[in-house]
Amino acid sequence: MHTDHEFMRLAIAEAQAAEASGEVPVGAVVVHNGEIIGHGQNRVLRDHDPTAHAEIVALREAGRALRNYRLNDCTLYVTLEPCAMCAGAILHARIARLVYAAPDPKAGACGSVLSVMNHPQLNHKVDLHSGLLADECSAMLVHFFHRRRKEKSHHTP
């Protein structure tokens, strides 16, 4: 049986693959009965799709694997706190458990900026765990954006 750390490492590998493709390094995996049934990485630039966040990509694959849009008894591992769009999708999919690494102080919807997840008026509650390998995931994002700013500053006349 895999551990939360091992599954988060696989989400980190997805984030690294996203970064290698020029995307913001965010990765996700969906696990059901100890097996990965969906993985995703940010694909917004490659797919020209504003909804192609790592979580959405992973949820879509998981839904196809289970042949159901309800992902009951599944755990989603993601390297960054989900945004409002992804938090909404997680709730609609009825994900049982969410494990995310780094908080997102600019767009996080699990308490950092918004509290979409486990809002008292919503009927679905998610078992929420944050901070697993957060320093590593935060450093990956900081490094990515630092490098991107540096590249842009070299291209401006």
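Thresholds applied
Residues numbered from 1 in each chain as written. Predicted model: local features only at pLDDT ≥ 70, side-chain atom pairs only at ≥ 80, totals over all residues. Heavy atoms only, no water. Helix = DSSP H or I, 4+ residues; strand = E, 2+ residues; numbered from the N terminus. Buried < 20%, exposed > 50% of the residue type's maximum accessible area, 1.4 Å probe, protein only. Salt bridge = Lys/Arg side-chain N within 4 Å of Asp/Glu carboxyl O. Pairing = 2+ DSSP bridges.

**Comments concerning unusual backbone geometry**
Part 1 of the reasoning: Of note in this structure, His48 is not a glycine but carries a positive phi near 50 degrees.
Part 2 of the reasoning: Among the structural elements, His48 can be located in the loop between helix 2 (44–47) and helix 3 (54–66).
Part 3 of the reasoning: Phi at Asn118 takes a positive value of approximately 60 degrees, unusual for a residue other than glycine.
Part 4 of the reasoning: Its location among the elements puts Asn118 in the loop between strand 4 (97–102) and strand 5 (127–130).
Part 5 of the reasoning: Residue classification places Asn118 among the partly exposed residues on the basis of a relative accessible area of 27%.

**So, the pattern of salt bridges**
Part 1 of the reasoning: Counting across every chain of the model gives 8 salt bridges.
Part 2 of the reasoning: With a shortest N-O distance of 3.9 Å, Asp49 and Arg60 are connected by a salt bridge. One end of the pair, Asp49, is in the loop between helix 2 and helix 3; the other, Arg60, is in helix 3, and 11 residues separate them in sequence.
Part 3 of the reasoning: Note that Arg97 is salt-bridged to Asp127, the shortest N-O span being 3.9 Å. Residue Arg97 is found in strand 4, and its partner Asp127 is found in strand 5; the two are separated by 30 residues along the sequence.
Part 4 of the reasoning: Taking the relative accessible area as the measure of exposure, Asp127 reaches 39% and is therefore partly exposed.
Part 5 of the reasoning: Within this structure, Asp4, Arg97 and Asp127 form a network of salt bridges that share partners.

**Focus on the pairing of strand 1 (residues 27–32)**
Part 1 of the reasoning: Judged by how many residues are buried, strand 1 sits mostly within the fold: 6 of 6 residues are covered.
Part 2 of the reasoning: Of the two faces of strand 1, the one holding Gly27, Val29 and Val31 and the one holding Ala28, Val30 and His32 are both buried throughout.
Part 3 of the reasoning: Where strand 1 meets strand 2 (residues 35–41), 6 bridges bridge the pair, whose relative direction is antiparallel. Along strand 2, the bridge assignment pairs Val29 with His39.
Part 4 of the reasoning: The turn linking strand 1 back onto strand 2 is made up of 2 residues, and Asn33 within it adopts a positive phi angle of 50 degrees.
Part 5 of the reasoning: Bridge count between strand 1 and strand 3 (residues 74–80): 5 bridges; the pairing is antiparallel.

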